[in-house]
Amino acid sequence: QHKDAYQVILDGVKGGAKEKRLAAQFIPKFFKHFPDLADSAINAQLDLCEDEDVSIRRQAIKELPQFATGDNLPRVADILTQLLQSDDSAEFNLVNNALLSIFKMDAKGTLGGLFSQILQGEDIVRERAIKFLSTKLKTLPEEVMTKEVEEFILTESKKVLEDVTGEEFVLFMKILSGLKSLQTVSGRQQLVELVAEQADLEQTFNPSDTDCVDRLLQCTRQAVPLFSKNVHSTKFVTYFCEHVLPNLSSLTTLVEGLDIQLEVLKLLAEMSSFCGDMEKLESNLKKLFDKLLEYVPLPPEEAENGENAGNEEPKLQFSYVECLLYSFHQLGRKLPDFLTSKLNAEKLKDFKIRLQYFARGLQVYIRQLRLALQGKTGDALKTDENKIKVVALKITNNINVLIKDLFHIPPSYKSTVTLSWKPVQKADSSQKRASEDTTSSSPPKKASAGPKRDARQIYNPPSGKYSSNLGSFSYEQRGGLRSGRGRGWGGRGNRSRGRIY
């Protein structure tokens with residue numbers, strides 16, 4: 001009944017502007033009454049979604065959710081996903097709202113349409129569909145984002161992650177780490193394994209291949225927030241010790257202004273707190289120790305008259321030493337006799353001479369920094385110059401605490417410090433967290449009582465100049481993977497398909 005009348009409405013899409021506007025409203029309104037004409041009705045509405053008149057397009061898009069019934073829903077989701085490529089902001093917002101409304105009808109069916117386009121659609125559609133997921137999923141209520149829906153997202157995401165650019169990978173990690181079912185220890189472990197797979201930790205590391213370096217850094221940055229005393233960083237720390245540290249000076253990057261070596265050492269330091277049992281612990285600790293020695297110089301030789309034989313003092317690179325010393329201190333806990341029984345007496349003596357020389361330079365610099373910051377509060381501390389000095393004081397205090405620990409007989413690994421670029425937690429919780437998080441293989445210990453950090457003036461300063469080369473590198477500096485698809489991470493092939501409704 002009335003089938004002919006409905007057909008007349010469908011034919012209205014071939015008429016003038018008025019007929020099209022009426023058709024855009026009436027085709028969806030009576031759609032459910034004519035299942036035999038479902039295909040023709042959807043195709044007619046799609047023609048209106050591509051009309052030259054923007055007001056007709058908007059009207060047609062707005063009504064699309066009315067077609068999302070039963071088996072038609074995934075198809076409507078697929079169509080709406082393709083329409084995300086619109087450059088008209090009002091139209092784009094209508095598409096977003098339409099997608100969200102059908103999400104609430106059938107989340108899995110909607111996701112099917114979105115992932116279908118992410119895997120097979122044109123680049124612009126893929127890019128916008130991924131961004132839609134990364135911004136909108138977190139806004140959906142729990143009754144929509146059920147465990148079954150989250151499992152579907154994880155399964156489909158794994159398919160996409162087989163071929164992604166760096167930027168896409170970061171967005172997918174944002175999507176997945178926001179899923180409630182992956183907030184558990186086993187969930188975070190799954191995510192770490194996904195990142196490790198993406199980082200390709202089985203491959204030979206090539207320090208001169210910028211793609212290889214950038215991929216590793218980008219993946220490690222995604223993994224770091226997932227590590228804890230229950231989710232270990234062992235695989236990453238092992239790879240950094242065995243493959244990256246020996247090649248530290250050869251690392252290359254296309255990111256302008258990025259101190260790539262410092263970035264690597266910061267990531268290693270952050271991960272070292274959560275390293276579990278390591279197979280080649282002694283060998284990797286030795287690699288870390290050797291790298292540390294490169295940045296902790298021997299004192300310059302003195303001439304017979306007591307003056308320096310060389311022209312200038314060695315430069316002390318405090319930022320590098322903080323990272324290396326912290327990592328060594330963390331891993332050293334797992335093999336506390338490394339310095340006393342794994343090194344020969346001559347090497348240990350050499351190490352202590354280096355540390356003592358470094359610590360004397362440190363004291364000079366700490367005093368200069370305290371003097372420069374004395375009496376400064378509030379806005380005065382917010383100038384760029386003073387911000388750098390505040391960070392410098394954190395770095396030097398941290399090194400001071402760690403060196404003092406290693407001068408114990410036998411060397412001690414009990415002190416806890418907060419890395420200079422990390423936010424300081426409240427005293428009560430930070431001590432508890434530090435002792436729990438940094439001893440993954442032993443029970444939590446109380447933070448050792450002892451003199452305050454500021455009171456540790458244990459060496460007499462020598463004469464001479466010391467480098468204040470702390471670097472004002474910001475850890476928040478991100479990027480590194482080139483965003484153009486087809487570059488970085490092996491690039492996706494061209495998948496231009498045109499309209500595949």
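These remarks concern the structure in this document. (Residues numbered from 1 in each chain as written. Predicted model: local features only at pLDDT ≥ 70, side-chain atom pairs only at ≥ 80, totals over all residues. Heavy atoms only, no water.)

## Observations regarding the pattern of salt bridges
Next, step 1: Going through the model one piece at a time under the given rule, you end up with 20 salt bridges.
Next, step 2: In this structure, the salt-bridge partner of lysine 159 is glutamate 156, at a minimum N-O distance of 2.9 Å. Taken together, the residues lysine 159 and glutamate 156, both in helix H9 (residues 147-160) and three residues apart, mark about one turn of the helix.
Next, step 3: Judged by its relative accessible area of 10%, glutamate 156 is buried.
Next, step 4: Between aspartate 350 and arginine 354 there is a salt bridge whose closest N-O contact spans 2.8 Å. Of this pair, aspartate 350 and arginine 354 both sit in helix H18 (residues 345-373), four residues apart, which is roughly one turn of that helix. (Salt bridge = Lys/Arg side-chain N within 4 Å of Asp/Glu carboxyl O. Helix = DSSP H or I, 4+ residues; strand = E, 2+ residues; numbered from the N terminus. Buried < 20%, exposed > 50% of the residue type's maximum accessible area, 1.4 Å probe, protein only.)

## Side note on the packing of aromatic side chains
Next, step 1: According to the stated counting rule, one finds 15 aromatic pairs in the structure shown.
Next, step 2: On the numbers, 6.5 Å between centres and 25° between planes, the contact of phenylalanine 103 with phenylalanine 132 is stacked. One end of the pair, phenylalanine 103, is in helix H6 (residues 89-103); the other, phenylalanine 132, is in helix H8 (residues 123-136), with 29 residues separating them in the sequence.
Next, step 3: Residue classification places phenylalanine 103 among the buried positions, given a relative accessible area of 1%.
Next, step 4: For phenylalanine 132, a relative accessible area of 3% gives the class buried.
Next, step 5: Ring centres of phenylalanine 318 and phenylalanine 358 lie 5.4 Å apart, and the angle between their planes is 80°; this geometry places the pair in the edge-to-face category. Note that phenylalanine 318 is positioned in helix H16 (residues 318-332) and phenylalanine 358 in helix H18, a separation of 40 residues in sequence. (Phe/Tyr/Trp six-rings, centres within 6.5 Å; stacked < 30°, edge-to-face > 60°.)

## What about helix H10 (residues 166-177)?
Next, step 1: For H10, which comprises 12 residues, the first-to-last C-alpha distance of 16 Å matches the rise-based estimate of 16 Å (1.5 Å per residue) to within 8%.
Next, step 2: All buried positions along H10 are accounted for by Gly166, Glu168, Phe169, Leu171, Phe172, Met173, Ile175 and Leu176.
Next, step 3: Its buried side turned inward, H10 meets helix H7 (107-120), H8, H9, helix H11 (185-199) and helix H12 (210-223). (Expected span 1.5 Å × (residues − 1). Contact = heavy atoms within 4.5 Å.)

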